[in-house]
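Chain by chain, the residues:
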Amino acid sequence: MMINKFLATACLWLFSTLAIAAPSAELWDFWLKHDQSSTATIDHSAWDRYLQRYVKRSSDGINLINYANVSSADRTELKAYLQRLAAINIHQYNRAEQQTYWINLYNALTVDVILDHYPVKSIRDIDISPGFFSDGPWKKQLLAVNGKQVSLDDIEHRILRPIWKDPRIHYAVNCASIGCPNLQPQAFTADNSEQLLNQGAKDYINHPRGARFEGNDLHLSSIYKWFKEDFGNSESKLIEHLKQYANADLKEKLKHATEVSGYHYDWNLNEIGR
């Protein structure tokens, strides 16, 4: 009896540990190919219409999605948009177009997965990833691009993070959770990506779910713990990153911060009416 209880406890601990472990950035070099001389653009207007229709800013500064009221026509159009993206030979585009392609694909796929399983309280309840200890949908291969099956984890950790090496990627890809940086209410394009990446960083860092002080103690989103390597791999460099986008009040407090006292994250679904 004691052995069984011990094994059950050990399995629960292991599952919890694996479930929140963040993948490292490991390049999938197949996706390095690009044509920097290309001036071709990708049409994201369908995704842009969806975002403008269903993403709303709450009174507390969090962008929420009206999942419950997405029409059947818009669900069909979202799937058609994803199929159009999948049919593109992304190797034929320049780096700027590729980056916005992968960001929009990640976000649209995430919303599509939520809608396919809605209603759910959390994206972590959608356990479709392969493997006994897997959690959520992130490791599930969802569609083929250039003949390669890709998952959400592939897009974020094997393509976006290692190719662009830009910590602002974490403010662009949205995991459908309250604790996540805002899903922007417009599609990324080569023309607006810099503005949206910076806006995403400012919105998140200056919101309590990104960074907050409790007295003199600095508390941050768990994103900064999970992906420490992308933010300088030290708390001092992380704090310097926060200062770049902090408003005047937060920046003043950060001047005196030398360490992080705690991390937090809210996995509840980012839906209107939560």
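Residues numbered from 1 in each chain as written. Predicted model: local features only at pLDDT ≥ 70, side-chain atom pairs only at ≥ 80, totals over all residues. Heavy atoms only, no water.

Broken down by element type, the protein carries 9 helices and 7 strands. Dimensions of the protein along its principal axes, counting C-alpha atoms only, are 55 × 50 × 40 Å. Expressed as a percentage of its 274 residues, the buried residues of the protein come to 51%. Pairs at least 24 residues apart make up 71% of the contacts formed inside the protein by residues separated by at least 6 positions. For the protein, the exposed surface amounts to about 13500 Å²; the carbon and sulfur share of it is 51%. Counting 30 positive and 32 negative side-chain charges, the protein places the centres of these two groups 1 Å from one another. (Helix = DSSP H or I, 4+ residues; strand = E, 2+ residues; numbered from the N terminus. Buried < 20%, exposed > 50% of the residue type's maximum accessible area, 1.4 Å probe, protein only. Contact = heavy atoms within 4.5 Å. Areas by Shrake-Rupley, 256 points an atom, 1.4 Å probe, with all protein chains shown as cover. Lys, Arg positive; Asp, Glu negative; His and termini not counted. Charge placed at Lys NZ, Arg CZ, Asp CG, Glu CD.)

Sheet topology places strand 3 (residues 141-145) next to strand 4 (residues 148-151); 4 bridges connect them, and they run antiparallel. In the strand pairing of strand 4, Leu143 is matched with Val150. Linking strand 3 back to strand 4 in an antiparallel pair, the connection comprises 2 residues, with Asn146 at a positive phi of about 50°. (Pairing = 2+ DSSP bridges.)

Now for helix 5 (residues 152-164). Where burial is concerned, most of helix 5 is hidden: 12 out of the 13 residues are buried. Regarding helix 5, the residues found buried are Leu152, Asp153, Asp154, Ile155, Glu156, His157, Ile159, Leu160, Arg161, Pro162, Ile163 and Trp164. Structurally, helix 5 contributes buried residues whose contacts are with helix 4 (95-117), strand 3 and strand 4. Of the residues one or two after helix 5, Lys165 is the one with positive phi, at around 50°.

Let us now look at the nonpolar core. With 78 residues, the main nonpolar core has Trp47, Trp102 and Leu105 as its most contacted residues. With residues near it in sequence (within four places) discarded, Trp102 still touches Trp31, Ile90, Val145, Ile155, Ile159, Leu160 and Trp164. (Core = buried A, V, L, I, M, F, W, Y, C linked by side-chain atoms within 4.5 Å.)

With that out of the way, let us pick up the packing of helix 3 (residues 72-86) against helix 4. Interaxial distance between helix 3 and helix 4 falls to 10 Å at its minimum, and their mutual angle equals 140°. Taken together, the axes of helix 3 and helix 4 are oblique relative to one another. Viewed along their axes, helix 3 and helix 4 form a crossing whose handedness is left-handed. Facing Arg75, Leu78, Lys79, Tyr81, Leu82, Leu85 and Ala86 of helix 3, the residues of helix 4 in contact are Tyr101, Asn104, Leu105, Ala108, Leu109, Val111, Asp112, Leu115 and Asp116. Per-class residue counts for the contact of helix 3 with helix 4 are 11 nonpolar, 1 polar and 4 charged. (Axes fitted to C-alpha atoms, helices over the stretch in contact; angles between N-to-C directions. Parallel < 35°, antiparallel > 145°, perpendicular 65-115°, else oblique. Left-handed = near helix turned anticlockwise from the far one by under 90°. Nonpolar A, V, L, I, M, F, W, Y, C, P; charged D, E, K, R; others polar.)

Next up on the list: helix 4. The first and last C-alpha atoms of helix 4 sit 33 Å apart over 23 residues, in line with the 33 Å expected at 1.5 Å per residue. Here helix 4 lies mainly inside the structure; 20 of its 23 residues are buried. Sitting at the amino-terminal end of helix 4 is Asn94, which places a side-chain oxygen 3.1 Å from the backbone nitrogen of Ala96. (Expected span 1.5 Å × (residues − 1). Polar contact = N/O pair within 3.5 Å; in protein donor to acceptor, adjacent residues only side chain to side chain.)

In short, geometric facts, not functional conclusions.
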